[in-house]
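The chain contents come next:
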Amino acid sequence: DDVLFCCGQEAEFMVFLSEGSLAYYRGRLENGEEDGSEMTTCMSMKSQPSALGAKRHTVTSAVSGFRRTSGSDDDELRDTIYEREWVCEMALWTPWVHLGDLDACCVCQVIEVDFLKFGEVMKHCAMPLLTELQTYGTKFVQFLNAYDKTDLTDLMGLVASEQIVEDLLEDAGMFS
């Protein structure tokens, strides 16, 4: 298996899977506690310039005591990522520390979207698009901050994006 990222590592890119499948293993308590909680994160909001050139609230996370445990192939800790799905979108919008491991299950084709390069390219978009991207990024971070911290994973983009786009369309009067 090829490892794309590991629990506790600073996120530098979003992964889009165009072919194959990936396995995501959620981090577990390193000290062996069996209390049922998978991970805890310490989140706080602060304001800082974003890669897109606007001030926004960001999530900072500190993860300690979590790693992939040997033999953690438990179905409850493993998620499969399929073609046309993505992982770790939050790396595009906020500083992030991976909360699990991502491995290739087979020969895969992935596209890695580097957060710095993404920000540089997006800064050159026309103002209406740039404004929409900034709004989306802000709402994405607000979604993360509102989510139960013990349930956060690197897979949140799949849930957040759908909800945020629906909210934006509703705000624009295009969806009800």
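For the structure, see preceding data.
**Student:** Looking at this structure, I do not really get the state of the cysteines. What am I missing?
**Tutor:** Each disulfide is one covalent bond, formed between the sulfur atoms of two cysteines. All told, the structure shown has 0 disulfides when counted by the stated rule. The structure places no disulfide on Cys 6, whose sulfur is separated from the nearest cysteine sulfur, that of Cys 7, by 8.5 Å. Given a relative accessible area of 34%, Cys 6 falls into the partly exposed group. Cys 106 provides the cysteine sulfur closest to Cys 108, a residue in no disulfide bond, and the two sulfurs are 4.2 Å apart. Overall, the relative accessible area of 26% leaves Cys 108 in the partly exposed class.

**Student:** Whenever I open this one, the sheet that holds strand S11 (residues 109-114) confuses me. Can you help?
**Tutor:** Within a sheet, each strand pairs with its neighbour through backbone hydrogen bonds, oriented either parallel or antiparallel. With respect to topology, 3 strands assemble into an open sheet ordered S9-S2-S11, the strand pairing being antiparallel. With partners counted over all chains shown, the strands left at the sheet margins are strand S9 (86-87) and S11, one partner each. As judged from the 6 bridges shared by strand S2 (residues 13-19) and S11, these two strands associate in the antiparallel manner. Residue pairing in the sheet places Phe 16 in a bridge with Ile 111 of S11. Across the face of the sheet, helix H1 (residues 115-122) comes into contact with S2 and S11 while running at roughly 65° to S11.

**Student:** Help me understand helix H3 (residues 156-171), please; the structure alone is not making it clear to me.
**Tutor:** Given 3.6 residues per helical turn, the α-helix brings residues three or four places apart onto the same face. If you check H3, its first and last C-alpha atoms are 22 Å apart, about what 16 residues at 1.5 Å a residue would give, namely 22 Å. When H3 is considered as a whole, its buried residues turn out to be Met 156, Gly 157, Ala 160, Ser 161, Ile 164 and Leu 168. On an axial view of H3, the arc spanned by its buried residues comes to 110°, and they lie on one face.

**Student:** Is there a simple way to think about the pairing of strand S10 (residues 100-104) in this case?
**Tutor:** In the case of a regular strand, side chains alternate between the two sheet surfaces. The element S10 is extensively covered by neighbouring structure, given that 5 of its 5 residues are classed as buried. On S10, burial covers both faces: Gly 100, Leu 102 and Ala 104 on one face and Asp 101 and Asp 103 on the other are all buried. Direction of pairing for strand S1 (residues 3-5) relative to S10: antiparallel, over a ladder of 2 bridges. The residue of S10 that forms the bridge with Val 3 is Asp 103. The pairing of strand S3 (residues 22-26) with S10 spans 5 bridges and is classified as antiparallel. Residue pairing in the sheet places Leu 22 in a bridge with Ala 104 of S10.

**Student:** Explanation requested: the sheet that holds strand S8 (residues 78-81) in the structure shown.
**Tutor:** Taken in spatial order, the 4 strands line up as S1-S10-S3-S8 in an open sheet, and their pairing is antiparallel. This sheet does not close on itself; its edge strands, each paired only once, are S1 and S8. Ignoring strand direction, the axes of neighbouring strands in this sheet form an average angle of 25°.

**Student:** Please explain H1 as it appears in this structure.
**Tutor:** Considered for burial, the residues of H1 that qualify are Phe 118, Gly 119 and Met 122. In an axial view of H1, the angular spread of the buried residues amounts to 95°, which keeps them on one side of the axis. Turned more than 90 degrees away from the buried face of H1, the exposed residues are Leu 116, Lys 117 and Val 121. At the N-terminal end of H1, a side-chain oxygen is found 2.9 Å from the backbone nitrogen of Leu 116, two or three residues along, and the residue is Asp 114.

Parameters and conventions
- Within any chain, residue numbers begin from 1 and follow the written order of that chain's sequence.
- Given that this is a predicted model, residues contribute local features only at a pLDDT of at least 70 and side-chain atom pairs are listed and counted only at 80 or more, while totals for whole chains, interfaces and linings are drawn from all residues.
- The basis for the side-chain values is all heavy atoms of the structure; hydrogens and waters are excluded.
- Note that a disulfide, as used here, is simply two cysteine sulfur atoms within 2.5 Å.
- Three labels apply to residues, based on accessible area from a 1.4 Å probe with only protein chains included: buried if under 20% of the type maximum, exposed if over 50%, partly exposed otherwise in between.
- Should DSSP find at least two bridges between two strands, the strands are taken to pair.
- Put simply, DSSP marks the helices as runs of H or I at least four residues long and the strands as runs of E at least two long, and each gets a number from the N terminus on.
- Note on contacts: a residue pair qualifies if any of its non-hydrogen atoms lie within 4.5 Å across the two residues.
- Whenever a helix is involved, its axis is fitted only over the stretch in contact; in every case the axis is a line through C-alpha atoms, and angles between N-to-C directions fall within 0 to 180 degrees.
- Here a helix's expected span is defined as the number of its residues, less one, multiplied by 1.5 Å.
- Summarising the geometry, the arc corresponds to the directions from the helix axis toward the C-beta atoms.
- Each polar contact in these results corresponds to two N or O atoms within 3.5 Å; when the atoms are within protein, one needs to be able to donate a hydrogen and the other to accept it, and residues that are neighboring in sequence are counted only if both atoms are side-chain atoms.

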